[in-house]
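# A closer look at the structure
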Amino acid sequence: MTEEKIVLTPAEKEFFMNEALIEAKKAADNEEVPIGCVLVSADKKIIARAFNRRELDQRSTHHAEICVIDQANARIGNWRLTDCALFVTIEPCVMCAGAIGLARIPQVYFGASNPKFGGTVSLYQILTDERLNHRVQVESGILEEKCAEIMQTFFRNRRKK
């Protein structure tokens, strides 16, 4: 597999982030932290989709990004996802940023930042760190308000309980 940059229009980026938001809503419906993710192939088709599943699966590592990477690896039969773009509603944490780099995903788009756990821009810049052998193109702010709102609503409702 060769690394192929996927050129996306602003409308396509919003479309795929809306698909990630659908996954985030599934997480919220299951009392999970509402983070959703989709992985898009070079031909602009969604090849995997997932949401946070830590409570459902009782697995601490079952963040949306880890689940989507696992699905895609199984689907294409390769651990390298070099011709894909990942869309996630919230900035990847340190663990997920590491997994994205290890999977060789070349492009990451996220909605809202994660000031407490962000491994991409907020606290750490793992995906663009020049000391590492794989760097990722990162773009933030895709449907940022919608992505932030679903998180804020989830935690506001959780505090009320």
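Residues numbered from 1 in each chain as written. Predicted model: local features only at pLDDT ≥ 70, side-chain atom pairs only at ≥ 80, totals over all residues. Heavy atoms only, no water.

As named in an unreviewed UniProt entry, the protein chain is tRNA-specific adenosine deaminase, taken from Lactococcus hircilactis. Per UniProt, the protein chain carries the Subunit (unreviewed entry) text "Homodimer." As stated in UniProt under Sequence similarities (unreviewed entry), the record for the protein chain gives "Belongs to the cytidine and deoxycytidylate deaminase family. ADAT2 subfamily." (UniProt positions renumbered as here; feature names shortened; annotations may be inferred.)

Taken as a whole and assessed by the stated rule, the structure comprises four aromatic pairs. Geometrically, the ring pair formed by phenylalanine 15 and phenylalanine 16 is edge-to-face, given 5.2 Å between the ring centres and 75° between the ring planes. On the basis of relative accessible area, phenylalanine 16 is assigned to the buried category, the value being 4%. Ring centres of phenylalanine 16 and phenylalanine 87 lie 5.4 Å apart, and the angle between their planes is 40°; this geometry places the pair in the tilted category. Highlighted residues: phenylalanine 16 in helix α1 (residues 10–29) and phenylalanine 87 in strand β3 (residues 84–90), separated in sequence by 71 residues. Of the two residues, phenylalanine 16 and phenylalanine 87, both sit in the buried class. Each member of the aromatic cluster is reached from another via a ring pair, and the members are Phe15, Phe16, Phe87 and Tyr109. (Phe/Tyr/Trp six-rings, centres within 6.5 Å; stacked < 30°, edge-to-face > 60°. Buried < 20%, exposed > 50% of the residue type's maximum accessible area, 1.4 Å probe, protein only. Helix = DSSP H or I, 4+ residues; strand = E, 2+ residues; numbered from the N terminus.)

Our focus in this paragraph is the UniProt feature "domain: CMP/dCMP-type deaminase" (unreviewed entry) in the protein chain. UniProt feature "domain: CMP/dCMP-type deaminase" (unreviewed entry): in the numbering of this structure it lies at residues 11–139. End C-alpha atoms of residues 11–139 are separated by 14 Å, and the span's content is 35% helix alongside 22% strand.

For glutamine 58, which is not glycine, the phi dihedral falls at a positive 55°. Relative to the helices and strands, glutamine 58 is located in the loop between α2 (54–57) and α3 (64–76). By relative accessible area, which is 60% here, glutamine 58 ends up exposed. Although it is not a glycine, leucine 143 adopts a positive phi angle of roughly 50°. By the secondary structure assignment, leucine 143 is in the loop between β5 (137–140) and α5 (144–160). Residue classification places leucine 143 among the buried residues on the basis of a relative accessible area of 18%.

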